[in-house]
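These are the residues of each chain, in order.
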There are 2 protein chains.
Amino acid sequence: MQRAAALVRRGCGPRTPGSWGRNQSSAAAEASAVLKVRPERSRRERILTPESMNPQVKAVEYAVRGPIVLKAGEIELELQRVSAPACALFPQVMALCTYPNLLDSPSFPEDAKKRARRILQACGGNSLGSYSASQGVNCIREDVAAYITRRDGGVPADPDNIYLTTGASDGISTILKILVSGGGKSRTGVMIPIPQYPLYSAVISELDAIQVNYYLDEENCWALNVNELRRAVQEAKDHCDPKVLCIINPGNPTGQVQSRKCIEDVIHFAWEEKLFLLADEVYQDNVYSPDCRFHSFKKVLYEMGPEYSSNVELASFHSTSKGYMGECGYRGGYMEVINLHPEIKGQLVKLLSVRLCPPVSGQAAMDIVVNPPVPGEESFEQFSREKESVLGNLAKKAKLTEDLFNQVPGIHCNPLQGAMYAFPRIFLPAKAVEAAQAHQMAPDMFYCMKLLEETGICVVPGSGFGQREGTHHFRMTILPPVEKLKTVLQKVKDFHINFLDKYA
Amino acid sequence: MQRAAALVRRGCGPRTPGSWGRNQSSAAAEASAVLKVRPERSRRERILTPESMNPQVKAVEYAVRGPIVLKAGEIELELQRVSAPACALFPQVMALCTYPNLLDSPSFPEDAKKRARRILQACGGNSLGSYSASQGVNCIREDVAAYITRRDGGVPADPDNIYLTTGASDGISTILKILVSGGGKSRTGVMIPIPQYPLYSAVISELDAIQVNYYLDEENCWALNVNELRRAVQEAKDHCDPKVLCIINPGNPTGQVQSRKCIEDVIHFAWEEKLFLLADEVYQDNVYSPDCRFHSFKKVLYEMGPEYSSNVELASFHSTSKGYMGECGYRGGYMEVINLHPEIKGQLVKLLSVRLCPPVSGQAAMDIVVNPPVPGEESFEQFSREKESVLGNLAKKAKLTEDLFNQVPGIHCNPLQGAMYAFPRIFLPAKAVEAAQAHQMAPDMFYCMKLLEETGICVVPGSGFGQREGTHHFRMTILPPVEKLKTVLQKVKDFHINFLDKYA
């Protein structure tokens, strides 16, 4: 991954010195006009340099927004949206919360007003513009707990265990920040899947924790194999103290949905090995494969009985950014943490309070996500139609993408059981690998750069997520509308075939 | 401060075990009902405990939301709002951005619609619900740069040096995170004022950096004295590498506004000592004293000539939470960073990108703050009236608070030249100090607890901000409406007199 890191830096590099030079001179020019001075270009050694900066931050890699995306500008960002918007109720409630005068307007449905009033009554000064409690607005945490209890068929959730966050990323990095300790061989080890969502490796690097990789089984639809967890934890014990196990289900970037049996095995393993479980379940509403169902770690944990349900420490994460609403810009999220030591609860609230509170608009967004219309409410039918259509389309696109990729020689794509991405394996000819090395690029980075240059399509190289040595992949979102996606897939197919010819 | 730290933990402690116990048992009860199991209370040693947790996080103190505020519940949070809302344009533009269908409604002023359209056109999918670029929406960064250029009388600002953040706190902790490095005696030292806003000590502790205190001169209206900076940096060099100088102007909690001369001295000092300057200027619109004016560090830096303007590394911070709008719940903010090493720019964007982007609604909020109505625009007159009245009231309340406190025997209050707080010194009788020690509380914590219990008024003890050994203070916001504030001040006066009697 060193090479990728270098690329990230280089990727940012060329963009900035250029613009920086320009800014300085234009700034200088205008300044002299204004202030009658003529800046000399001579400058002393800076205080903050690549040599003097925080080495953990320097080591951070974040390919999802790395050179490819920088080069592509906003392309991928626009694709990140599920639809615009997925459901009318959402912007209606948000607008009512934002500008309460609208509560008198007849052009808003009653249940939208009811939701807005409930949220506003719980906000300081009846406004999204006031700070909330650090843990989040009480009634929103109650709605989250009620949602979890419904989702898990009655397994109780307690609002006191719910923490509203600035997207799921914030919750994940906050919990990891509290968990990491020790030095040398007793430094905290954090187990993450490979391929992973790069937030994990980035935060682990920031915290100077030890990344412990366990590999998902590509030959078996990216399934999680507990024997691989055993292998990873045993090897890790030689050089660190494995204390945390991160699971992403449904998988990002790999799109697998874990079976109930697999989750039970993982929980038993965490119990055996005394690991704190982090369950990244932000795609819990995004399951497409008819033979798959989402099972929450919390529910399975309780069903395994008190020895587990009263012992295993578990944090699970959700967000407004995925599901069928995909309101990522509001940065709403929550985490539910169970079996947490009572004093640690205080420590967690203290740590959250340093940032005062999550955006209150994001908290309101979270409330709408966990509190959808029910039969009898004015918005119910339209909402249900919209939800059906968004999820139905995603399912169609998941199948379409899998099928089309698998028709292309030199591409193999596992079923997209859930989440929002395809992560096909690409078999690159030796000549392409050499060409990439000549450009000091990871082979799949080279492939993705060429794809971007030749087609304008932005996908993220597998090397940014981690992959078994010698294998190559890319991550592509399935969010564009069906017709647009078909065109994109056709273009990738044509590009790939030409690429194979070129480097045969 | 150790005692305060203990208190913060204790303060959080009692609240949680109780509720935790309750949650567990109720959870267990419901669980058994649902799942026909009877949880045993026997539990193994937890993985995450006060002993095993991250010691830097454990050492964090954050009195602004410590035991007093926890005890007071939402009281202080509600007081944090400038007004509800300070200006009609704000919620109008936010509502239009949130629910673009409203752009057709005749009940919104044209300039509100113009602003909303401009923001939406720059957002992915024309929606606040999409991710933005990690550095923030381009046109909003352009508006911020234009605002700074106007504010600084033509000193140029470049959008490429503007980074939108999740409130100012996020920007401050991000820059500090990049700056901190080294081990042992070469660990980065960060100079902060005492009294300080506790975000600084909290982040320094999280990052395991070295806090270097310089004391503001209470006898001289909390002025910053450069000789004190010299003393602090010289002493610090024995045990760390002082690399960063943090300034809060106007001051929080101390409310002083720095003179231009003082800022020039500070900049010269930073240049001499090779310190990276952090200028926390979130209260730049909150200057009340007729003999004070806000001078930005950026402007003074440029006026000092090229040797400074092209060498001194400066990050300055602003926010939507203060000023005359006080929209803190949206968590909007920006930082302008000048003379940053080109590669560090890439590093900074990479670090910001790990959290994807600041809340887009907060970015829109920031745009409204830096882009107020101008003469000729429909909202201009109402907006100007509202702004006048909010700032006029704050100025009245600042004077009122100073005057009333100074009538009370045993209280001395410096002029509130700016910001939003009074930080009066309280002279506590020896018996009160003994009583506090008997309760294992800092004397001013004891005083504030009694005040809260007897009057329901929530103020934050000076020990949470830092103060010279043996002196005692509290911080009180001046945000409540004039009449409410008068009552509050009268109650504090009566309480204080009784308190002196009681412990005479």
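Residues numbered from 1 in each chain as written. Chains lettered and ligands numbered in written order. Predicted model: local features only at pLDDT ≥ 70, side-chain atom pairs only at ≥ 80, totals over all residues. Heavy atoms only, no water.

Going by the annotation in an unreviewed UniProt entry, the name recorded for chain A is alanine transaminase, with Saimiri boliviensis boliviensis given as the source organism. Check the Catalytic activity (unreviewed entry) section of the UniProt entry for chain A; it says "L-alanine + 2-oxoglutarate = pyruvate + L-glutamate". (UniProt positions renumbered as here; feature names shortened; annotations may be inferred.)

Once that is clear, we can look at the domain arrangement of chain A. All names here are of chain A. Under the domain assignment, chain A is made up of domain 1 (56-79 + 383-503) and domain 2 (88-370). In this structure, domain 1 and domain 2 have C-alpha centres spaced 26 Å apart. In this assembly, 33 residues from domain 1 lie in contact with 36 residues from domain 2. Three residues, Asn414, Gln417 and Ala419, lead the burial of domain 1 against domain 2; their summed loss comes to 22% of the area buried on that side. One can count zero salt bridges joining domain 1 with domain 2. (Domains from an automatic or database assignment. Contact = heavy atoms within 4.5 Å. Buried area = accessible area lost by both parts, 1.4 Å probe. Salt bridge = Lys/Arg side-chain N within 4 Å of Asp/Glu carboxyl O.)

Here the focus is the packing of aromatic side chains. All names here are of chain A. On inspection of all chains with the given rule, the structure shows 29 aromatic pairs over all chains. Consider the rings of tryptophan 271 and tyrosine 308, whose centres lie 5.4 Å apart with planes at 50°: the pair is tilted. Separated by 37 residues along the polypeptide, tryptophan 271 in helix α11 (residues 260-273) and tyrosine 308 in helix α13 (residues 306-309) bring together distant segments of the chain. Site record: aromatic cluster; members linked through ring pairs are Phe405, Phe446, Tyr447, Phe474, Phe495, Phe499 and Tyr503. Between the NZ or CZ atom of arginine 475 and the centre of the ring of tyrosine 421, over which it lies, the distance is 3.8 Å. (Phe/Tyr/Trp six-rings, centres within 6.5 Å; stacked < 30°, edge-to-face > 60°. Helix = DSSP H or I, 4+ residues; strand = E, 2+ residues; numbered from the N terminus. Lys NZ or Arg CZ within 6 Å of the ring centre and 35° of its normal.)

Moving on, we get to the sheet that holds strand β9 (residues 421-422) of chain A. All names here are of chain A. A sheet is described by the order of its strands in space; here three strands give the open sequence β9-β12-β11, paired in antiparallel fashion. What marks the edges here is a single partner per strand, and that holds for β9 and β11 (460-461). In the sheet, β11 pairs with strand β12 (residues 474-477) via two bridges, with the strands oriented antiparallel. Residue pairing for β12: proline 461 is matched across the bridge by phenylalanine 474. (Pairing = 2+ DSSP bridges.)

Under the feature "domain: Aminotransferase class I/classII large" (unreviewed entry), the UniProt entry names residues 92-491 of chain A. Counted over residues 92-491 of chain A, helix gives 43% and strand 14%. Its end C-alpha atoms are 38 Å apart.

The next subject is the pattern of salt bridges. Applying the stated criterion across every chain, the model contains 42 salt bridges over all chains. A salt bridge links lysine 177 of chain A to glutamate 206 of chain B, with the shortest nitrogen-to-oxygen separation between them at 2.6 Å. Here glutamate 206 of chain B lies in helix α9 (residues 199-206) and lysine 177 of chain A lies in helix α8 (residues 167-179), a pairing that spans two chains. On the basis of relative accessible area, glutamate 206 of chain B is assigned to the buried category, the value being 12%. Among the salt bridges present, the one from glutamate 228 of chain A reaches arginine 231 of chain A, with a minimum N-O distance of 2.5 Å. Of the two residues, glutamate 228 of chain A and arginine 231 of chain A are both situated in helix α10 (residues 226-236); the distance of three residues between them amounts to about one turn of the helix. (Buried < 20%, exposed > 50% of the residue type's maximum accessible area, 1.4 Å probe, protein only.)

In this section: the nonpolar core. If you look at the biggest cluster of nonpolar residues, it comprises 254 residues, and the most contacted ones within it are Ile175 and Phe276 of chain A together with Ile175 and Phe276 of chain B. Residues within four places of isoleucine 175 of chain A in sequence aside, it is in contact with Phe276, Leu278, Ala315, Phe317, Met335, Val337 and Leu348 of chain A. (Core = buried A, V, L, I, M, F, W, Y, C linked by side-chain atoms within 4.5 Å.)

With their axes 9 Å apart at the nearest point, helix α5 (residues 89-98) of chain A and helix α5 (residues 89-98) of chain B run at an angle of 175° to one another. In terms of their interaxial angle, α5 of chain A and α5 of chain B are classed as roughly antiparallel. Across the interface between the two elements, Pro91, Met94, Ala95 and Thr98 of chain A from α5 of chain A touch Pro91, Met94, Ala95 and Thr98 of chain B from α5 of chain B. Of the residues contributing to the contact of α5 of chain A with α5 of chain B, the split by class is six nonpolar, two polar and no charged. (Axes fitted to C-alpha atoms, helices over the stretch in contact; angles between N-to-C directions. Parallel < 35°, antiparallel > 145°, perpendicular 65-115°, else oblique. Nonpolar A, V, L, I, M, F, W, Y, C, P; charged D, E, K, R; others polar.)

This brings us to unusual backbone geometry. Glycine aside, the phi torsion of most residues is negative, and most peptide linkages are trans. The peptide bond linking asparagine 252 of chain A to proline 253 of chain A adopts the cis configuration, its omega dihedral lying at 10°. Tracing the chain through its elements places proline 253 of chain A in the loop between β4 (241-248) and α11. Here the phi dihedral of arginine 331 of chain B falls at roughly 50°; this positive angle occurs in a residue that is not glycine. By the element assignment, arginine 331 of chain B lies in the loop between β6 (314-319) and β7 (332-338). Accessibility expressed as a relative area gives 2% for arginine 331 of chain B, which makes it buried.

What follows concerns the sheet that holds strand β4 (residues 241-248) of chain B. Two pairing modes exist for strands in a sheet, parallel and antiparallel, and in both the strands are linked by backbone hydrogen bonds. All names here are of chain B. Read from one edge of the open sheet, seven strands run β1-β7-β6-β5-β4-β2-β3, paired in mixed fashion. Whereas interior strands pair on both sides, the edge strands pair on one side only; in this sheet they are β1 (162-166) and β3 (210-215). With direction set aside, neighbouring strand axes in the sheet form an average angle of 25°. Of the pairings in the sheet, the one linking strand β5 (residues 276-280) to β6 comprises four bridges and is parallel in character. Note that in β6 the partner of leucine 278 across the bridge is alanine 315. On top of the sheet, α9 reaches β2 (188-194), β3, β4 and β5; it is set at about 160° to β2, its chief contact. Where helix α15 (residues 360-370) meets the sheet, its contacts fall on β1, β6 and β7, and the angle it forms with β7 comes to roughly 70°.

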